[in-house]
Amino acid sequence: MFTVKNCSLAAAIMLAAPVFAAETDFDAVQITATPVAGKITMLQGNGGNIAVSLGDDGVLMVDDQFAPLSDKIKAAITKLGGSAPELLLNTHWHGDHSGGNENFADKATIIAHDNVRVRIADPANERVAAALPVITFANGLSIHFNGEEIKLIHLPHGHTDGDSAVWFTGSNVIHMGDEYVVGGFPFIDLNSGGSVEGLIDNHANILAQIPDNIRVIPGHGGLSTKAEMASWIEGVRTTAKIVTDQMIAGKTLAAIIEQGLPEQYASWGMGFINEAAYITAVYTSSANP
Ligand SMILES: [Zn+2]
């Protein structure tokens, strides 16, 4: 058993929404591998979804879940015919996506947005120096690896202020990190520079660029499509507007939570962000743009 710190715990503290059990039995976690398209396989265990590119140049990995799972993740890559990654990209700094960084750093060059390094370096987050990205970027970066251009696109002020989407242009796959979670309300990490408005703008930016038939790896949940992601962000836009309209009309946060959101979004509150926590995040985000 290990006690972990991740975005779920941060959410529980920030939003007073204790929706996360802070202890996970990592010994019991199994890593599953799902072929996505082209060179890309998705790994799932506990924490954010992982993308692995496997080819002649070696292994490039996107995100690495929690530190206690690193050996299991390496074993899963070996099973696919690869070895420890040469390149490791972090979609953002949260521990359920970057928690294993230090265990891959002896071989892998870690690459992420500037703000990922800033937050991992923050003493309050209690990370070791080996967990720090060694290559950082401000707006975007292209990596040419395993025969395709892999575009990292910074998504400012959405889930956090340091998120990137990773677009495998040849394999026709995009990893969205926690900018997109399947079947639930988004987690807007206000303490890490997140914003609901920003999240909506980021999706408009990405949806305008990617092909209709691309395969989408969300931060959490199963494989998805562009159409499903477009529908999800429309739901975010709709629910956020319901909250902000009431806020502008002078309703208190408590009254908006009491009123609630339309029944069709009830299932979105079953995940790690419940409805009250989401409404609180939208209200706070909109009140402090
Ligand atoms: Zn996250």
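Owing to the predicted nature of the structure, the values given are computational and were not obtained by experimental measurement. (Residues numbered from 1 in each chain as written. Predicted model: local features only at pLDDT ≥ 70, side-chain atom pairs only at ≥ 80, totals over all residues.)

**Some details on the nonpolar core**
Next up, step 1: One finds Val-166 and Ile-174 to be the most contacted residues of the largest nonpolar core, which totals 66 residues.
Next up, step 2: Excluding residues within four positions of it along the chain, Ile-174 makes contact with Ala-165, Val-166, Trp-167, Ile-210, Ile-214, Val-216 and Ile-217. (Core = buried A, V, L, I, M, F, W, Y, C linked by C-beta atoms within 7 Å. Buried ≥ 20, exposed ≤ 12 C-beta atoms within 10 Å, placed from the backbone. Contact = placed C-beta atoms within 7 Å.)

**A word on the environment of Val-282**
Next up, step 1: With respect to the helices, strands and loops of the structure, Val-282 is situated in helix 9 (residues 275-287).
Next up, step 2: Residue Val-282 is classed as buried on the basis of its C-beta count, with 27 C-beta atoms lying within 10 Å.
Next up, step 3: With 207 residues separating them in the primary sequence, Val-282 and Ala-75 have C-alpha atoms 40 Å apart.
Next up, step 4: Beyond its immediate stretch of four places on either side in the chain, Val-282 contacts Val-196, Ala-240, Val-243 and Thr-244. (Helix = DSSP H or I, 4+ residues; strand = E, 2+ residues; numbered from the N terminus.)

**A word on unusual backbone geometry**
Next up, step 1: Even without being a glycine, Gln-65 presents a positive backbone phi close to 55 degrees.
Next up, step 2: Counting through the fold element by element, Gln-65 comes out in the loop between strand 6 (58-62) and helix 2 (70-79).
Next up, step 3: Residue classification places Gln-65 among the buried residues on the basis of 27 C-beta atoms within 10 Å.
Next up, step 4: Positive phi values are uncommon outside glycine, yet Asn-172 reaches one of about 65 degrees.
Next up, step 5: Its place among the elements puts Asn-172 in the loop between strand 12 (163-168) and strand 13 (173-175).
Next up, step 6: Exposure remark for Asn-172: the 17 C-beta atoms within 10 Å place this residue in the partly exposed category.

**As for the sheet that holds strand 13**
Next up, step 1: Strand order across the open sheet formed by six strands is 10-11-12-13-14-15, with mixed pairing between neighbours. One side of each edge strand has no neighbouring strand; the edge strands of this open sheet are strand 10 (140-145) and strand 15 (224-225).
Next up, step 2: Both strand 12 and strand 13 contribute to a ladder of three bridges, which runs antiparallel. Across the sheet, the residue bridging to Trp-167 is Ile-174, located in strand 13. (Pairing = 2+ DSSP bridges.)

**A look at the pairing of strand 6**
Next up, step 1: Among the five residues in strand 6, four count as buried, and that is most of the element.
Next up, step 2: Here strand 5 (residues 50-55) runs beside strand 6; their pairing, made up of five bridges, is antiparallel. If you follow Val-52 over to strand 6, its bridge partner there is Met-61.
Next up, step 3: Bridge count between strand 6 and strand 7 (residues 87-89): three bridges; the pairing is parallel. Considered in strand 7, the bridge of Val-62 is made with Leu-89.
Next up, step 4: For the crossover that starts at strand 6, traverses helix 2 and ends in the parallel strand 7, the hand is right-handed. (Right-handed = clockwise from strand over helix to strand, strands pointing away.)

**Focus: the sheet that holds strand 6**
Next up, step 1: Across the sheet, which stays open at both edges, the seven strands sit in the order 3-4-5-6-7-8-9 with mixed pairing between neighbours. Looking along the sheet, the strands with just one partner apiece sit at the ends: strand 3 (32-37) and strand 9 (135-137). The mean angle between the axes of side-by-side strands here comes to 20 degrees, regardless of whether they run parallel or antiparallel. (Axes fitted to C-alpha atoms, helices over the stretch in contact; angles between N-to-C directions.)

**Things to note about the packing of helix 6 (residues 196-207) against helix 7 (residues 226-248)**
Next up, step 1: One can describe the packing of helix 6 onto helix 7 by two numbers: an axis separation of 10 Å at closest approach and a directional angle of 155 degrees. Here helix 7 runs roughly antiparallel to helix 6, going by the angle between their axes. Relative to helix 7, helix 6 is oriented so that their crossing is left-handed. On helix 7, the residues that touch Val-196, Leu-199, Ile-200, His-203 and Leu-207 of helix 6 are Lys-226, Ala-230, Ile-233, Val-236, Arg-237 and Ala-240.
Next up, step 2: The residue inventory of the contact of helix 6 with helix 7, partitioned by class, reads eight nonpolar, one polar and two charged. (Parallel < 35°, antiparallel > 145°, perpendicular 65-115°, else oblique. Left-handed = near helix turned anticlockwise from the far one by under 90°. Nonpolar A, V, L, I, M, F, W, Y, C, P; charged D, E, K, R; others polar.)

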